[in-house]
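# Coordinate analysis (summary)
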Amino acid sequence: HSGTGIQDSPFKTYYLARNMLLLQYKNRDVSGYGKKKFRFILYHVKLSLKYVARGKFSHAASLWKALLDFYKMKSRYADLKSVQGDNLLDERRGV
């Protein structure tokens with residue numbers, strides 16, 4: 001649960017959304033990333049519309065901020081991947 005003390009907080013929404021995107025990007029298979037990227041963006045749009053319909057505008061704003069911050073941060077992961085190789089998971093699997 002959220003460390004802010006509120007179970008359903010915009011703070012939690014932001015970090016869950018941003019970290020989900022970063023995790024997906026960091027562990028991506030380059031060939032299938034385009035399809036997954038579209039699906040995650042579509043998921044964010046759908047979820048933000050649900051929040052707006054429920055009157056939870058701060059949660060919808062948190063989702064969009066998470067998406068924007070993800071795009072700002074993903075270059076750091078791209079640099080890491082170029083240094084360590086295309087698939088970091090292969091090293092863990094022993095491939």
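The model shown is predicted, which means the values in this text are computed figures rather than measured ones.

### Remarks on the confidence of the model for the chain
Taken as a whole, the chain shows an average pLDDT of 78; of its residues, 71% reach a score of 70 or greater. For the chain, the element scoring lowest by mean pLDDT is helix α4 (residues 88–93), at 50; helix α1 (residues 10–26) scores highest, at 88.

### Structural notes on the packing of aromatic side chains
Each aromatic ring pair is summarised here by two numbers: the centre-to-centre distance and the angle between the ring planes. Scanning the model with the defined rule gives four aromatic pairs in all. Measuring from ring centre to ring centre gives 4.9 Å for Phe11 and Tyr15, while their planes differ by 70 degrees; the resulting arrangement is edge-to-face. Here Tyr15 and Phe11 lie together in helix α1, a separation of four residues that amounts to about one turn. A ring pair is formed by Phe70 and Tyr71, whose centres lie 5.0 Å apart and whose planes are at 65 degrees; its orientation type is edge-to-face. Here the aromatic cluster, defined as three or more aromatic residues joined through ring pairs, consists of Phe11, Tyr14 and Tyr15.

### Examining the pattern of salt bridges
For the coordinates displayed, the defined rule picks out three salt bridges. When the shortest N-O distance is used, the salt bridge between Lys65 and Asp69 registers 3.0 Å. With Lys65 and Asp69 both in helix α3 (residues 57–84) and four residues apart, this pair spans about one turn of that helix. With a shortest N-O distance of 3.9 Å, Asp69 and Lys72 are connected by a salt bridge. One end of the pair is Asp69 and the other is Lys72, both in helix α3 and three residues apart, which spans about a single turn. Judged by its relative accessible area of 60%, Lys72 falls in the exposed class. Among the charged side chains, a network of salt bridges with common partners joins Lys65, Asp69 and Lys72.

The rules behind each value
Residues numbered from 1 in each chain as written. Predicted model: local features only at pLDDT ≥ 70, side-chain atom pairs only at ≥ 80, totals over all residues. Heavy atoms only, no water. pLDDT = per-residue confidence, 0-100. Helix = DSSP H or I, 4+ residues; strand = E, 2+ residues; numbered from the N terminus. Phe/Tyr/Trp six-rings, centres within 6.5 Å; stacked < 30°, edge-to-face > 60°. Salt bridge = Lys/Arg side-chain N within 4 Å of Asp/Glu carboxyl O. Buried < 20%, exposed > 50% of the residue type's maximum accessible area, 1.4 Å probe, protein only.

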